Each structure stands twice: as C-alpha cells, then as structure tokens.
Amino acid sequence: MRELLERYWKCETSQDEEQKLREWFAGNGVPEDLKKYRDVFQALDDFKELKAPASISRKAQSYLPAIQLYPSLKIAASVLIAVSIGIGIYTHYQQEEFLKGVFSETYSDPQDAIKETQAVLDKISSSLLKAKDCIEELQEDSVVINEPEELIIEEE
Amino acid sequence: MRQDRKFKDMIIPLADKLFRLALSITGNKQDAEDVVQDAMLNVWQKRNEWDRISNLEGYCIRSARNIALDKISLKDNQLVSISEKDNFHSFDPEKAQNDGEQLEIIRKITGHLPEKQRTVFLLRDMEGLSYKEIIEAMNIPEEQVKINLFRARQKIKKMLEAADNYYKD
C-alpha cells in the first residue's frame, strides 16, 4: 500500500486503485507514520456524506408537468375522459330515443295508418250514437214527468 | 416527455454532487443552495439543446461551477484562496475533527489551493470522476486536469506533513 500511496501522490493511480487506498485508510491497519495522510481521505469521505437540502429537489421537480410526476394521473385522466364520452353518448342516445317516441310515425305504410285512424274514428262514432240514444230516452222520461196536473184533475 | 424523464432521472439526482461542489467554492450552505437551484433552472431552460450536449452531467457541473464562481466574485469572497501560512499552521487535525463540521475540515485541507486545483481534486478524489468526466465538467484539456490534480495532491501532502511535524515538536 505504501507504493500505491506514492503513486497516488504522483497521479499515477487508476480510479479503482484510489478506491482501494481510501478503503485501506478507512480501516485499522494503517501504520503510524502514514496516519497523518488518513485525515485527507477521512475528510473526503465525511464531506461526501453531505446531502443537498430537500428544497432543491422539490423546486426542480416543480418544473416538471404534474402528469410526469404522478404517472397514475395519466391513467386516471384517460379513464375519466373515456367515461365522460361514454356518458355523453348514452345521454344523447337516450334523448334521441325519447324524441323519436314522441314525434316519430309508428307506421311505415301510409295505408295502414289510414285504416287505423278510420277504425279509431268508427269507435268514436258508435260511442257518440249510443250516447245520443241514451239522451233521447232520458228526454222521453222527462215528458211524462212534466204532465202531472192533468192526471190529478180527474175526480172520483 | 423524454426531456422530462431525463431531468427527473438524471439531473435532479445530481443535486448532492452539485451542492458539495458549490459549497466548496462558496463556503456557505445558503449560497451553495442558491447556486444549485440556479444551475438546475438553467439546465432545465436549455432542455431543447440537450441533444447537442454529449455529457449532460458534465454540463450541469460546469454550470454550477460557473454560477458559484460568479457568486463569489460578486461577493468578493476570500475563500477562493486562503493564504498558505494560515492553513499550514492553523490546521490541527484533532481540532478540526472534533469541530464536527465537514465543511470546515475540507476547507482547512483544500482552502489554500487555487479554485481550479481544489475543484479538480474534489471532483476526482471525492466524487470519483474519471479524467474524461472532469475534462467535460471543467471544459479544460486532459493535460490541465492532470497538472492541476498533481499540484493539488502535492500541496495537500506537504501541508499534512508540515502539520504533523508542527504538532509533534
């Protein structure tokens, strides 16, 4: 390790060798005369423990669109859009059916429509005739009731 | 979307590294935090140019370093180079250790170095960057990386030996 240390000061070591040197100085087997160099490796290790304040990452994250930060939002948004479109289509379909029920013709053949209309009118007509007969009967009854004085005059 | 993912997965995780670098230059945590935030914003705003950048991490480090240097030159900060006399005789390893301040210790060990030497030394020996990565981070040729690293290590070695001899006497 002494030879490695000498090469380190001369910048002749690789990154792997420098890592080995750091690990060696962090251990307990460092000779007394080399302990003075341990401080620099210890200081570097200690300084590397320092972390940036969380506010830095938070602020940097704020530059990103929310949908990137929370990928599940993408899925939720897609589902919401699909459901909204579905509801819209269904509602529109329902309205169309309702309006069709109110305004559309029920017979594709005009002749059938005429026959059906005639049948309805015939029914109405026969009902009206019956009503007229009833009224006439009622009227006849009312004539008998209207002549009571003539009957009373006849004496015994 | 690709840029967003790159920023989230590659750039934001550099925060610790950039913060330590900025701290080694500015000497205080608030300034270092400001530097890193400015650097991240700067990188984000230039996201349309990322395709033209070969090493994005190196670009981030370079950005943070430049912002940190601008900050201290504006503040006329004396931490760029502390006199050798102050550091040789004021460095007490035991005292520095007991202080518990990582920053204070690293400043005492590297504070006497010119900024370029100190930054190369920290990028290599603390952050473990390769020579190629340091070249891209500092935008200097390989030869300059090696020269600055050599000088930094030699000065630190001498300082530690002098301090050891001083406290033994």
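Whatever comes next refers back to the structure up there.
Here the structure is a predicted model, which means the values were calculated and not measured.

Novice: Go over the packing of aromatic side chains with me, naming the residues and quoting the values.
Specialist: Counted by the stated rule, this structure contains 10 aromatic pairs over all chains. On the numbers, 6.1 Å between centres and 45° between planes, the contact of A:Tyr63 with B:Phe7 is tilted. Remark: B:Phe7 occurs in helix 1 (residues 2-11) and A:Tyr63 occurs in the loop between helix 4 (54-61) and helix 5 (66-69); the pair is interchain, linking two chains. In this structure A:Tyr63 comes out as buried when scored by relative accessible area, which is 19%. Ring-pair connections join several aromatic residues into one group, and the members of that group are A:Tyr8, A:Trp9, A:Trp24, A:Phe25, A:Tyr37 and A:Phe41. Above the plane of the ring of B:Trp44 lies B:Arg47, whose end atom (NZ or CZ) is 4.1 Å from the centre. Here B:Arg124 stacks its cationic end above the ring of B:Tyr131, 4.4 Å away from the centre of that ring.

Novice: Break down the environment of B:Glu161 for me, citing the residues and quoting the values.
Specialist: Within the fold, B:Glu161 resides in helix 10 (residues 142-168). Ignoring any residue separated from it by four or fewer positions in sequence, one finds B:Glu161 in contact with A:Lys36 and A:Tyr37. Reaching out from B:Glu161, the side chain makes a polar contact with the side chain of A:Tyr37 at a distance of 2.3 Å.

Novice: So what about the interface of chain A and chain B? Which residues, and what values?
Specialist: At the junction of the two partners, chain A supplies 35 residues and chain B supplies 45 residues. At the boundary of chain A with chain B, total buried surface from both sides reaches about 3,900 Å², with 64% on carbon and sulfur atoms. In this structure, the salt-bridge partner of B:Arg124 is A:Glu18, at a minimum N-O distance of 2.9 Å. On inspection of chain A and its partner chain B, the count reaches 14 residue pairs in polar contact (both at pLDDT 80 or more). Contributing elements (two or more residues each) for the side of chain A that touches chain B: helix 1 (2-9), helix 2 (15-26), helix 3 (35-48) and helix 4 of chain A. For the side of chain A that touches chain B, the element with the highest residue contribution is helix 3 of chain A, accounting for 10 residues.

Novice: Mind laying out the packing of helix 2 of chain A against helix 3 of chain A, listing which residues take part and the relevant values?
Specialist: Residues and elements named next belong to chain A. Closest axis-to-axis distance for the helix 2/helix 3 pair is 9 Å, and the angle between their directions is 105°. When the axis of helix 2 is compared with that of helix 3, the two are roughly perpendicular. Packed against helix 2, whose contacting residues are Leu 21, Arg 22 and Phe 25, the element helix 3 presents Tyr 37, Arg 38, Phe 41 and Asp 45 at the interface. Taken together, the residues of the contact of helix 2 with helix 3 sort by class into four nonpolar, no polar and three charged.

Novice: Summarise the packing of helix 1 of chain A against helix 2 of chain A; cite the residues concerned and give the values.
Specialist: Residues and elements named next belong to chain A. Taken N-terminus to C-terminus, the directions of helix 1 and helix 2 make an angle of 120°; their axes are 10 Å apart at the nearest point. The orientation of helix 1 relative to helix 2 falls into the category oblique. Along this stretch, helix 1 crosses helix 2, giving a crossing that reads as left-handed. Residue-level inspection shows Leu 4, Leu 5, Arg 7 and Tyr 8 of helix 1 in contact with helix 2, the latter providing Glu 17, Glu 18, Leu 21 and Phe 25. Per-class residue counts for the contact of helix 1 with helix 2 are five nonpolar, no polar and three charged.

Definitions and cut-offs
- Residues numbered from 1 in each chain as written.
- Chains lettered and ligands numbered in written order.
- Predicted model: local features only at pLDDT ≥ 70, side-chain atom pairs only at ≥ 80, totals over all residues.
- Heavy atoms only, no water.
- Phe/Tyr/Trp six-rings, centres within 6.5 Å; stacked < 30°, edge-to-face > 60°.
- Helix = DSSP H or I, 4+ residues; strand = E, 2+ residues; numbered from the N terminus.
- Buried < 20%, exposed > 50% of the residue type's maximum accessible area, 1.4 Å probe, protein only.
- Lys NZ or Arg CZ within 6 Å of the ring centre and 35° of its normal.
- Contact = heavy atoms within 4.5 Å.
- Polar contact = N/O pair within 3.5 Å; in protein donor to acceptor, adjacent residues only side chain to side chain.
- Buried area = accessible area lost by both parts, 1.4 Å probe.
- Salt bridge = Lys/Arg side-chain N within 4 Å of Asp/Glu carboxyl O.
- Axes fitted to C-alpha atoms, helices over the stretch in contact; angles between N-to-C directions.
- Parallel < 35°, antiparallel > 145°, perpendicular 65-115°, else oblique.
- Nonpolar A, V, L, I, M, F, W, Y, C, P; charged D, E, K, R; others polar.
- Left-handed = near helix turned anticlockwise from the far one by under 90°.

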